[in-house]
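Survey of secondary and tertiary structure
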Amino acid sequence: AHSSQMSRALRLGRGVAARHLAYLRSQTYLQRAPIAALTQAQVAGGLARKPAHFLSVPHRTFAENTAEEPINPTVVEPAAAKVEELSADTETIVGEPETHVFQAETKQLLDIVARSLYTDTEVFIRELVSNASDALEKLRYHQISEGGGDGEALQIRVFCDEAKNTITIQDTGIGMTDKELSENLGTIAHSGSKAFLKALSEQGKSGVDNLIGQFGVGFYSSFMVSDMVKVFTRSATSEQGWCWSSSGDGRFSMCKADGVAVGTKIQIHLKDGFKQFSDKRNVRSILKKYSNFVGFPIVLNGEPTNTIGALWTKTPSTVTDQEHTEFYRFISHGFDEPQYKLMYSTDAPISIRSVFYIPSYHHEHFVSGQQKCEVGIYSKRVLIKASSDNVLPPWCRFVKGVVDCEDIPLNVSREHMQDSALIRKLGGVVSKRIVKWLQDEAKKDLDKYDQFYKDFGMFIKEGVCSDIANQSALSHLLRFETSATEPGKTCFLSDYVARAKEGQNKIYFMSTSGRDSAEQSPYYEAFKKAGIEVLFLTAPVDEIVCSNLGKFDKFDIVSVEQSEPPKQAETEEDKAAEDKAKEGESDSKPLSDDEAVAICDWLGKDVLADSASAVKVTKRLVSHPAVIVGHQPLIVRQMMKMSSPTSHDPAQGKKYEMHINPAHPLIVGLHKAMVERPDVAKVVAEQMFSNACLAAGVLDDTRPLASKFNAVLALALDAPKA
């Protein structure tokens, strides 16, 4: 198939052929080796392959570039492809090794790198694999720009030998000459990748954007776990191989070596305390954790390891649902399917490539305490932090995904991020995009979003209370049942605002155990009569959310328990009822203004002096005789008690203001009993106040109610005193 491609390319002219050959080397399914060196047998044997899931961009076929009929080259599926074993130990030392001594300050630096720089010893594998990836990138660039190469598959090979207590990491990359070997390994903090990019820049060239190394210390992390490190290498531009070795004692040896393949092989002889790094199961776990998404195949003891590619580097339209599911399960270690997915990339204000998922369910139901944010932070497809707790706000912890940012400033160990201002900017950009993503999904399919909100709404509410930067945007995701919705149905705050009456500038809410309880509340009846919609907050945290939010779209958010309903125009029905009461035609004539003042004074100064701060008349009540106002919400008082469990109840000994309904039969009858039967009136007044406190939720201890209620029953039956 490739021979056919070559013939066709040559017919188009040498210049065109050269351009297409270079393109095929870098982008097609069968890439990485000079096309001229490929035969059908080599293709079938698996040499010079690059599985499709390793590609970072959608590739164009040779036929698309030539605008002729499609050409379907024979390809080897990843599952059936032959993988290269670690090359045999064919290297032989030639001549006497030359021993060199690190300079004093370099020796001290080596000691710091080996003992103090890295937090986790396992990261030495990440560092060496990253170096190998850089070497392969350099060779690929060399092949495209200069041509040549020996057709060796571009891959990273890792071999664990428990019997010998060794781990070997080999790449088929650019390799090193003796001079480069001395500079790169003989000088700590000299970055070969950084020098390579600098040289290209000075020559006005570009084309290598995936190099990972930048500090020149990663190789020396191997001395954390080793007694001896041997490096065999041969440059792609040379026929001579070299061997470099050191025990990390401040000296290193170099000598010529024969039988060295192009690339670099690092043999690490492990210390006794680090035998776990010769266990391929443990090493496979480390490779998947840190280096799964490097741009080249990683083979561990002959088995492919990084079978899942860096999905976030692809064009969103080319990624299938199946690929999303497989990638989601890989990063989340779950078995469910994501209900929402987002691929997001931007170059301003910083360069970000990312993919996010929302699981079918969250796991805080099954664990104690908060789960960690499982959005991994990567730089050039290498894991920096598995958890983004210090990047994304805590409420985002239900989101799974990957954020790859090349602009992240790393410390020398590449385990921590440094520039706090840039990290905050990264977190701000990503969290805002997540909020917009959820808003878009809610618009697409409200029923699906409703189901999501039932399971994940607690995180949105937490964000409203804790994430000031995104509070306003998050408030558009809140859903509440209201007096205007059907039972069990919810709506957005924007829907409430759209239905608000003319001149209304507040959103009213009420904390309740359920809809039936809310509709029977004395605080709700005036709003119901006025036709004003009220939010029914059935979750304990909802009141805290609304109190923290405070305002939505220029509407203040207030509790019906703390607010008088807005004045509405008096209806003809109201006027008729009032006239009927004044003429004495109703069953219960309202108290006159003087009578109302008299009963308020009697209640406030004589009967309830120890319980009520004041007693006043109100017109907000319809079917209830009295109501308590000016009290703290129940959830607030409960939080105060939890925050200071040894302190007394904040409601204990507190006086509350009571408002009475002068038109209610109980108040009318109480006024009459106040004159004719003061002993009965006192018992009834105390019970009425207790009932009002109970309705307001400020009566935490309800046990005294029983004795008061029994006293009322005894009076009703004219029972003798006990």
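Residues numbered from 1 in each chain as written. Predicted model: local features only at pLDDT ≥ 70, side-chain atom pairs only at ≥ 80, totals over all residues. Heavy atoms only, no water.

1. Notes on the overall build of the protein chain
For the protein chain, the count of helices and strands is 23 helices and 23 strands. Considering the protein chain as a whole, with its 722 residues, one finds that 49% of them fall into the buried category. Of the contacts made within the protein chain by residues no fewer than 6 positions apart, 72% connect residues no fewer than 24 positions apart. For the protein chain, the accessible surface area stands at approximately 34700 Å², while carbon and sulfur atoms represent 51% of it. (Helix = DSSP H or I, 4+ residues; strand = E, 2+ residues; numbered from the N terminus. Buried < 20%, exposed > 50% of the residue type's maximum accessible area, 1.4 Å probe, protein only. Contact = heavy atoms within 4.5 Å. Areas by Shrake-Rupley, 256 points an atom, 1.4 Å probe, with all protein chains shown as cover.)

2. What to know about the pairing of strand β3 (residues 166-171)
Most of β3 sits inside the fold, with 6 of its 6 residues counted as buried. Hairpin remark: strand β2 (residues 156-161) followed by β3, antiparallel, with 4 residues in the connecting loop; positive phi at asparagine 165, about 55°. Examined bridge by bridge, β3 and strand β7 (residues 263-270) share 6 bridges and lie antiparallel to one another. In the strand pairing of β7, threonine 166 is matched with histidine 269. (Pairing = 2+ DSSP bridges.)

3. Remarks on the nonpolar core
Among the nonpolar cores identified, the biggest contains 96 residues, and Leu603 and Met658 are the most heavily contacted of them. Look past the residues within four positions of leucine 603 in its chain and what remains in contact with it is Leu608, Ala609, Val615, Met658, Ile660, Leu670, Ala685 and Met688. In terms of nonpolar packing, the next biggest core, distinct from the first, is built from 64 residues, Leu128, Tyr220, Val225 and Ile331 among them. (Core = buried A, V, L, I, M, F, W, Y, C linked by side-chain atoms within 4.5 Å.)

4. Comments concerning the sheet that holds strand β20 (residues 555-559)
Across the sheet, which stays open at both edges, the 6 strands sit in the order β16-β15-β18-β17-β20-β19 with mixed pairing between neighbours. In this open sheet, the two edge strands, each paired with only one partner strand, are β16 (491-492) and β19 (551-552). Of the strand pairs in this sheet, β19 and β20 are connected by 2 bridges, and their pairing is antiparallel. What sits directly across from lysine 551, in β20, is aspartate 556. Along the sheet face, helix α12 (residues 446-466) touches β15 (479-482) and β16 and points at about 95° away from the line of β15. (Axes fitted to C-alpha atoms, helices over the stretch in contact; angles between N-to-C directions.)

5. A look at the packing of aromatic side chains
Going through the model one piece at a time under the given rule, you end up with 27 aromatic pairs. Ring plane angle 50° and centroid distance 6.2 Å describe the contact between phenylalanine 398 and phenylalanine 452, whose orientation is recorded as tilted. Of this pair, phenylalanine 398 sits in the loop between β13 (382-385) and β14 (400-404) while phenylalanine 452 sits in helix α12, and the two are 54 residues apart along the sequence. The exposure class assigned to phenylalanine 398 is buried, which follows from its relative accessible area of 1%. (Phe/Tyr/Trp six-rings, centres within 6.5 Å; stacked < 30°, edge-to-face > 60°.)

6. Side note on the sheet that holds strand β6 (residues 251-258)
Judged by pairing direction, the sheet is mixed, and its 9 strands sit side by side in the order β1-β6-β5-β4-β7-β3-β2-β8-β9 without closing on themselves. Where the open sheet ends on each side, the last strands, each with one partner, are β1 (92-101) and β9 (303-304). Bridge count between β2 and strand β8 (residues 298-300): 3 bridges; the pairing is parallel. Paired with valine 158 across the two strands is leucine 300, which belongs to β8.

7. Structural notes on the environment of tyrosine 378
In this fold, tyrosine 378 is placed in strand β12 (residues 374-379). Residues tyrosine 378 and serine 291 lie 87 residues apart in sequence; the distance between their C-alpha atoms is 9.9 Å. In contact with tyrosine 378, not counting residues within four places along its chain, are Lys289, Phe293, Trp312, Leu383, Ile384, Val402, Val403, Asp404, Cys405 and Ile408.

8. Points about the pairing of β2
Within β2, 5 of the 6 residues are buried, which leaves the element mostly enclosed by the surrounding structure. As judged from the 6 bridges shared by β2 and β3, these two strands associate in the antiparallel manner. Note on β3: the bridge partner recorded for valine 158 is isoleucine 169.

9. Description of the pattern of salt bridges
Following the criterion strictly, the structure yields 23 salt bridges and no others. Its salt-bridge partner being aspartate 450, residue arginine 479 comes within 3.0 Å of it at the nearest N-O pair. Separated by 29 residues along the polypeptide, arginine 479 in strand β15 and aspartate 450 in helix α12 bring together distant segments of the chain. As a salt-bridge pair, aspartate 542 and lysine 461 come within 2.7 Å of each other at their nearest N and O atoms. Of the two residues, aspartate 542 sits in helix α17 (residues 542-549) while lysine 461 sits in helix α12, which places them 81 residues apart along the sequence. Its relative accessible area of 4% is what places aspartate 542 among the buried residues. In the salt-bridge network here, residues are joined through shared partners; they are Glu481, Arg515 and Glu519. (Salt bridge = Lys/Arg side-chain N within 4 Å of Asp/Glu carboxyl O.)

10. Here we look at unusual backbone geometry
Following alanine 348, the chain continues to proline 349 via a peptide bond in cis, the omega torsion being 5°. Residue placement: proline 349 occurs in the loop between β10 (340-346) and β11 (352-358). Located in the positive-phi region is lysine 380, a residue other than glycine, with phi close to 55°. By the element assignment, lysine 380 lies in the loop between β12 and β13.

11. Considerations on the packing of helix α22 (residues 678-696) against helix α23 (residues 704-716)
The geometry of α22 relative to α23 is characterised by a closest axis approach of 10 Å and an angle of 140° between their N-to-C directions. The angle between α22 and α23 places the two elements in the oblique class. Between α22 and α23 lies a crossing whose hand is left-handed. Contact with α22, carried on its side by Val680, Val683, Glu686, Gln687, Ser690 and Leu694, involves Leu705, Lys708, Phe709, Ala711, Val712 and Leu715 of α23 and no other residues of that element. Across the contact of α22 with α23, the residue classes tally to 8 nonpolar, 2 polar and 2 charged. (Parallel < 35°, antiparallel > 145°, perpendicular 65-115°, else oblique. Left-handed = near helix turned anticlockwise from the far one by under 90°. Nonpolar A, V, L, I, M, F, W, Y, C, P; charged D, E, K, R; others polar.)

12. Re the state of the cysteines
Considering all chains together, one arrives at 0 disulfides under this definition. Note on cysteine 373: no disulfide assigned, nearest cysteine sulfur contributed by cysteine 396 at a separation of 6.5 Å. Using a relative accessible area of 3% as the deciding quantity, one classes cysteine 373 as buried. (Disulfide = S-S within 2.5 Å.)

13. As for helix α6 (residues 123-146)
Given 3.6 residues to a turn, an α-helix orients residues that are three or four positions apart in the same direction. For α6, spanning 24 residues, the distance from its first C-alpha to its last is 34 Å, which sits close to the expected 34 Å at 1.5 Å a residue. Counting buried positions along α6 yields 19 of 24 residues, so the element is predominantly enclosed. (Expected span 1.5 Å × (residues − 1).)

14. What to know about the environment of valine 123
Residue position: valine 123 is located in helix α6. Residues valine 123 and isoleucine 286, 163 residues apart in the sequence, show an inter-C-alpha distance of 8.2 Å.

15. A few points about the environment of glutamate 561
Here glutamate 561 shows up in the loop between β20 and α18 (572-582). The exposure class assigned to glutamate 561 is buried, which follows from its relative accessible area of 13%. Separated by 68 residues in the primary sequence, glutamate 561 and valine 629 place their C-alpha atoms 6.6 Å from one another. Each residue touching glutamate 561, except ones within four places of it in the same chain, is listed here: Ser511, Tyr523, His631 and Ala696.

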